[in-house]
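Structural characterization, general
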Amino acid sequence: ASSGSGSSAKVLKVGSSIDFAPFEFQDEGQKEYQGFDMDLIRAIGKEMGYEVEIQNIGFDGLIPAMQAKNIDVIISGMTINDERKENVLFSDPYYQSGLTMVVRSDEQAIKSFQDLKGHKVAVQIGTTSAEAVKKLGGVEVKELNTPADCFMELKGNGVDAVVNDRPVNDYYITKSGETGVKALEEKLTAEDYGIAMAKDNTELQSKINEALKKLKENGEYDKIYAKWFGG
Ligand code: ARG
């Protein structure tokens, strides 16, 4: 915020891993970050009277960046879980998600998560997918920087499956018109996304929850939801 006279807007420094369409992504030739999370945090900031500044930070670097005080909040399709709660506070849940997998269209051997044993699977590093796949046991896990890297690895036969968040898998397959790969229906987990802030920042947590509640009441949340996920 500027310290000059007049109205100086408060700034909300947001971190997000811009690699997760339709939640956070950047289209070629477009400078604004887009997606459901981007619209939501901008609406929350507006509601709170804050100017929103978004920084693109790799997913596994987000919590460290917040601990280093480089950012105030994280919105990045981040799943609320106990392990993370040891290091951050979460807002109320804002989106229900879960993990599914993507395989090549001609895949015969992998029809369910149980079939992953003995196979190579790509996941984004630092995610709940990485955790969940390791827990399955007997799977060779390749942790890559972005979901796009994971899909590329799948198409190049470097792995036999990608485990990733369902809405991102679905969007990838429908929007890219991708025919070489398909998403399976089975869900490995059900997960809720939350906005994260520093462990001691209960004040910001209440402000964000209030803003979120307001947006749910006044229809703004539903508008943003419909924009990215339809009706
Ligand atoms: N929901 C998963 C998690 O919390 C994946 C989130 C990945 N987000 C991203 N912007 N790449 O671990």
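Residues numbered from 1 in each chain as written. Predicted model: local features only at pLDDT ≥ 70, side-chain atom pairs only at ≥ 80, totals over all residues. Heavy atoms only, no water.

This next bit is on the overall build of the chain. Check the secondary structure of the chain and you find eight helices and eleven strands. Against the compact-globule benchmark of 17 Å for 231 residues, the chain has a radius of gyration of 18 Å, which places it among compact chains. Dimensions along the principal axes, computed over C-alpha positions, put the chain at roughly 65 × 35 × 30 Å. In the chain, buried positions account for 48% of the 231 residues. Counted over contacts in the chain with a minimum sequence separation of 6, partners at least 24 positions apart contribute 69%. Carbon and sulfur atoms provide 45% of the accessible area of the chain, an area that totals close to 11400 Å². (Helix = DSSP H or I, 4+ residues; strand = E, 2+ residues; numbered from the N terminus. Rg over C-alpha atoms; globule rule 2.2 N^0.38 Å. Buried < 20%, exposed > 50% of the residue type's maximum accessible area, 1.4 Å probe, protein only. Contact = heavy atoms within 4.5 Å. Areas by Shrake-Rupley, 256 points an atom, 1.4 Å probe, with all protein chains shown as cover.)

For soluble globular proteins, nonpolar side chains are generally found buried alongside one another. Counting 35 residues, the largest nonpolar core has Phe36, Leu40, Ile41, Ile44, Val73 and Tyr94 as its most contacted members. Listing elements by their share of this core, those giving two or more residues are strand 1 (10-16), helix 1 (36-48), strand 2 (50-56), helix 6 (166-175), helix 7 (202-217) and helix 8 (220-229). Top element by residues in this core is helix 1. It accounts for seven residues. Those residues within four positions of leucine 40 in sequence are excluded, and the remaining contacts are Ile75, Tyr94, Leu212, Leu215, Tyr221 and Ile224. Within the second largest apolar cluster, 16 residues are counted, among which are Leu99, Leu116, Ala130 and Leu136. (Core = buried A, V, L, I, M, F, W, Y, C linked by side-chain atoms within 4.5 Å.)

Residue proline 22 is bonded to the preceding alanine 21 through a cis peptide linkage, with omega at 5°. By secondary structure assignment, the location of proline 22 is in the loop between strand 1 and helix 1. With a phi angle near 65°, lysine 69 is a residue other than glycine that sits in the positive phi range. Here lysine 69 shows up in the loop between helix 2 (62-67) and strand 3 (73-74).

A word on the site of the ligand. Taken together, 15 residues surround the ligand, and among them Asp19, Gly77, Arg84, Thr128 and Asp165 come closest. One nitrogen or oxygen atom from the main chain of threonine 79 is found 2.8 Å from an oxygen atom belonging to the ligand. Here a nitrogen atom of the ligand sits 2.7 Å away from a polar atom, N or O, in the side chain of aspartate 165. For the ligand, whose accessible area on its own is 350 Å², the fraction buried by protein is 100%. The residue inventory of the shell around the ligand, partitioned by class, reads four nonpolar, seven polar and four charged. (Near = heavy atom within 4 Å. Polar contact = N/O pair within 3.5 Å; in protein donor to acceptor, adjacent residues only side chain to side chain. Nonpolar A, V, L, I, M, F, W, Y, C, P; charged D, E, K, R; others polar.)

With that settled, the discussion passes to the packing of aromatic side chains. One pass over the full model with this rule turns up 19 aromatic pairs. Residues tyrosine 94 and tyrosine 193 carry aromatic rings whose centres are separated by 6.1 Å and whose planes lie at 55° to one another, so their mutual orientation is tilted. Residue tyrosine 94 is found in the loop between strand 4 (88-90) and strand 5 (95-104), and its partner tyrosine 193 is found in strand 10 (residues 189-193); the two are separated by 99 residues along the sequence. There is no split in this pair, since tyrosine 94 and tyrosine 193 are both buried. Taken together, Phe20, Phe23, Phe36, Tyr94, Tyr95, Tyr193, Tyr221, Tyr225 and Phe229 form an aromatic cluster joined through their ring pairs. A cation over a ring is seen here: lysine 216 above tyrosine 221, with NZ or CZ 5.1 Å from the ring centre. (Phe/Tyr/Trp six-rings, centres within 6.5 Å; stacked < 30°, edge-to-face > 60°. Lys NZ or Arg CZ within 6 Å of the ring centre and 35° of its normal.)

Moving on to the pattern of salt bridges. Tallied over the entire structure, the rule returns nine salt bridges. With its nearest N and O atoms 3.8 Å apart, the salt bridge here joins lysine 223 to glutamate 220. In this pair, lysine 223 and glutamate 220 are both assigned in helix 8, three residues apart and thus about one turn of the helix distant. Under the relative-accessibility criterion, lysine 223 is labelled exposed at 59%. Look at glutamate 220 and you get partly exposed, because its relative accessible area is 28%. (Salt bridge = Lys/Arg side-chain N within 4 Å of Asp/Glu carboxyl O.)

Domains assigned within the chain are domain 1 (10-94 + 194-229) and domain 2 (98-190). Centre-to-centre, using C-alpha coordinates, domain 1 lies 25 Å away from domain 2. Counting residues at the interface gives 16 residues for domain 1 and 14 residues for domain 2. The largest contributions to the domain 1 side of the interface with domain 2 come from Asp19, Phe20 and Phe59, which together make up 39% of the buried area. The tally of links from domain 1 across to domain 2 stands at zero salt bridges. One can count two residue pairs in polar contact (both at pLDDT 80 or more) joining domain 1 with domain 2. For the side of domain 1 that touches domain 2, the elements supplying multiple residues, two or more each, are helix 3 (82-85) and helix 8. (Domains from an automatic or database assignment. Buried area = accessible area lost by both parts, 1.4 Å probe.)

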